[in-house]
Amino acid sequence: MSGFKKIVVLTGAGISADSGVPTFRHAGGIWAKYDYRDVATPEGFAANPALVHEFYNLRRAGMVSVEPNAAHVALAWMEAALADSGGELTVVTQNVDDLHERGGGRNLLHMHGELAKIRCTKCGMVSGWLEDLFVDTVCPACSATRALRPHIVWFGEMPMLMDEITQKIAAADLFVSIGTSGSVYPAAGFVAEAKALGIRCIEINLEPSDTAGLFDETHYGPAAEIVPAWVKEAMMT
Ligand code: OAD
């Protein structure tokens, strides 16, 4: 395989687009339909928790009804093949869906949280959850009401697992960005971090992202086609 032993792959909404999950920033995307301040900020949740629960209930139900695509599966295959030869592939995802997991991925860092989990703001419990969540749903751990929230990072909150992500990038010899517009930090800054460390950087996306100029190599087209082709090529050369 390619000579690369430690690969960090950053993914965004574009990798799940071919599974039918809507992306955020295009005509008809999620942020064209909803004001993010209403549904994806701590202030929005404090002002109208029922609206926020409804937004994530819809997205959770949508997630359950879709399937991983060839891009998720190809990355999971690459992860396993690399592990067999003593290497490591880590997926750092901005996506809150579980399609990497269902596609077979195991070495995953969900930096923006997970739709399939909830958190109690009173006792700190984090639990798997695929049902709808309501304002008066009782915390299964401490029985508090009005305390449960989606286990999602909102605007203005610190992304999860940042120390681990920084370490993984620092130890990588290849950084690959797939299906992200490169417009939300800190994830959008990972390519500059990797580049400053002399790590080779590849972008795979439908179109050039905001940070496209920083990449050493670019591949443009639908993820479900381009990612498996890139994985095949990388594993053969
Ligand atoms: P965006 O919606 O900003 O960008 C999605 C990217 O995927 C765009 O550059 C598209 O061109 C590309 N794309 C669309 N369809 C594709 C396909 N079939 N194959 C490959 N690429 C495709 O989504 P993200 O970059 O993930 O955060 O957004 C980052 C964060 O902003 C999200 O995690 C979310 C959002 O607000 C929070 O909610 C905190």
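Think of each chain on its own: its residues are numbered from 1, step by step along the sequence as written. Where totals are concerned, whole chains, interfaces and linings use all residues; where local detail is concerned, this predicted model gives features only for residues with pLDDT of at least 70, and gives and counts side-chain atom pairs only at 80 or more. Note that the side-chain values use all heavy atoms of the structure and ignore hydrogens as well as water.

**What about the pairing of strand β7 (residues 174–178)?**
Part 1 of the argument: A 1.4 Å probe rolled over the protein chains alone gives each residue an accessible area, and that area as a share of the maximum for its type sets the label: buried under 20%, exposed over 50%, partly exposed in between. Each helix corresponds to a stretch of at least 4 residues labelled H or I by DSSP, and each strand to a stretch of at least 2 residues labelled E; elements are numbered beginning at the N terminus. Most of β7 is tucked away: 5 of the 5 residues are buried.
Part 2 of the argument: Residues L174, V176 and I178 of β7 are buried on one face, and the alternating residues F175 and S177, pointing to the opposite face, are buried as well.
Part 3 of the argument: Only strands joined by at least two bridges in the DSSP assignment are considered to pair. As paired strands, strand β1 (residues 6–11) and β7 are joined by 5 bridges and run parallel to one another. By the bridge assignment for β7, V9 is matched with V176.
Part 4 of the argument: Relative to strand β8 (residues 200–205), β7 runs parallel, the two sharing 5 bridges. Residue pairing across strands places V176 opposite I202, the latter belonging to β8.

**What about the domain arrangement of the protein?**
Part 1 of the argument: For each domain, the first and last residues come from an automatic or database assignment. Split into domains, the protein comes out as domain 1 (1–21 + 68–112 + 159–237) and domain 2 (22–65 + 114–152).
Part 2 of the argument: The centre of domain 1, based on its C-alpha atoms, is set 26 Å off from the matching centre of domain 2.
Part 3 of the argument: Any two residues having at least one pair of non-hydrogen atoms within 4.5 Å are treated as being in contact. At the junction of the two partners, domain 1 supplies 16 residues and domain 2 supplies 13 residues.
Part 4 of the argument: Two parts placed together each lose some accessible area; with a 1.4 Å probe, that loss summed over both constitutes the buried area. Counting each side, the surface lost to burial between domain 1 and domain 2 is near 1,100 Å², with a carbon and sulfur contribution of 64%.
Part 5 of the argument: Three residues, V21, V96 and M160, lead the burial of domain 1 against domain 2; their summed loss comes to 42% of the area buried on that side.
Part 6 of the argument: Definition of a polar contact: a pair of N or O atoms within 3.5 Å, with one able to donate and the other able to accept a hydrogen when the atoms are protein atoms, and with sequence-neighbouring residues admitted only if both atoms are side-chain atoms. Here domain 1 is connected to domain 2 by 3 residue pairs in polar contact (both at pLDDT 80 or more).
Part 7 of the argument: Contributing elements (two or more residues each) for the side of domain 1 that touches domain 2: α1 (13–17) and α7 (99–102).

**Topic: empty space enclosed by the protein**
Part 1 of the argument: Definitions used for this entry: grid spacing 1 Å over protein atoms alone; cavity, a set of points where a 1.4 Å probe fits but cannot get out; pocket, an open set with protein on both sides within 12 Å along at least 5 of 7 lines; lining residue, one with an atom within 4 Å of a point. Grid points are joined across faces, edges and corners, and a volume is the space filled by probe spheres set on the points. Counting across every chain of the model gives 2 cavities of 30 Å³ or more.
Part 2 of the argument: The calculated volume of the largest cavity comes to roughly 70 Å³.
Part 3 of the argument: Three classes are used: nonpolar for Ala, Val, Leu, Ile, Met, Phe, Trp, Tyr, Cys and Pro, charged for Asp, Glu, Lys and Arg, and polar for all others, with Gly counted as polar. Of the residues assigned to the lining of the largest cavity, the class counts are 7 nonpolar, 6 polar and 1 charged.
Part 4 of the argument: Taken as a whole, the second largest cavity spans an internal volume of roughly 30 Å³.
Part 5 of the argument: Listed by contribution, the elements that provide at least two residues to the lining of the second largest cavity are α6 (70–84) and β2 (88–93).
Part 6 of the argument: By residue number, the principal contributor to the lining of the second largest cavity is α6, which donates 3 residues.

**A short note on the sheet that holds β8**
Part 1 of the argument: Taken in spatial order, the 6 strands line up as β3-β2-β1-β7-β8-β9 in an open sheet, and their pairing is parallel. The open sheet is flanked by β3 (108–110) and β9 (217–220), the only strands paired with a single partner. When strand polarity is set aside, the average angle formed by the axes of neighbouring strands in this sheet is 15 degrees.
Part 2 of the argument: Running over the sheet, α6 touches β1, β2 and β7 and is turned about 145 degrees from β2. Interaxial angles span 0 to 180 degrees and are taken between N-to-C directions of axes, which are lines fitted to C-alpha atoms, for helices over the stretch in contact.

**Looking at the side chain of H151**
Part 1 of the argument: By secondary structure assignment, the location of H151 is in strand β6 (residues 148–152).
Part 2 of the argument: Side chain to side chain, H151 and R119 meet in a polar contact 2.9 Å long.
Part 3 of the argument: The residues touching H151, leaving out its near neighbours within four places in the chain, are G113, E114, K117, I118, R119, V126 and M160.

**Describing the pattern of salt bridges**
Where charged atoms from two side chains of opposite charge approach closely, those side chains can pair.
Part 1 of the argument: Salt bridges, as used here, are contacts in which a Lys or Arg side-chain nitrogen is within 4 Å of a carboxyl oxygen on Asp or Glu. In total, this model carries 8 salt bridges according to the counting rule given.
Part 2 of the argument: One salt bridge in this structure joins E67 and R102, with 3.8 Å as the shortest N-O distance. Highlighted residues: E67 in the loop between α5 (49–64) and α6 and R102 in helix α7, separated in sequence by 35 residues.
Part 3 of the argument: Classification of R102 by relative accessible area gives partly exposed; the value is 35%.
Part 4 of the argument: Taking the shortest distance from any N to any O, the salt bridge between K168 and E88 comes out at 3.2 Å. Of the two residues, K168 is situated in helix α8 (residues 162–170) and E88 in strand β2; the sequence distance between them amounts to 80 residues.
Part 5 of the argument: Taken together, the shared-partner salt bridges connect E67, D98 and R102 into one network.

**Digging into the pairing of β6**
Part 1 of the argument: For β6, the tally of buried residues reaches 5 of 5 residues, placing the bulk of the element in the interior.
Part 2 of the argument: Relative to β6, strand β4 (residues 113–120) is paired through 5 bridges, and the arrangement is antiparallel. Of the residues in β6, the one forming a bridge with E114 is H151.

**Topic: the site of the ligand**
Part 1 of the argument: Here, proximity means that at least one heavy atom of the residue falls within 4 Å of the molecule or strand. Looking at the ligand, there are 23 residues lining it, with F24, R25, W31, T180 and S181 nearest.
Part 2 of the argument: Within the contact set of the ligand, a nitrogen atom lies 3.4 Å away from a backbone nitrogen or oxygen of G14.
Part 3 of the argument: Between an oxygen atom of the ligand and a side-chain N or O atom of R25, the distance comes to 2.7 Å.
Part 4 of the argument: Sorting elements by how many residues they give to the shell around the ligand places α1 first, with 3 residues.
Part 5 of the argument: Considering only residue class, the shell around the ligand consists of 10 nonpolar, 10 polar and 3 charged.
Part 6 of the argument: Two domains each donate at least three residues to the shell around the ligand, and these are domain 1 (1–21 + 68–112 + 159–237) and domain 2 (22–65 + 114–152).

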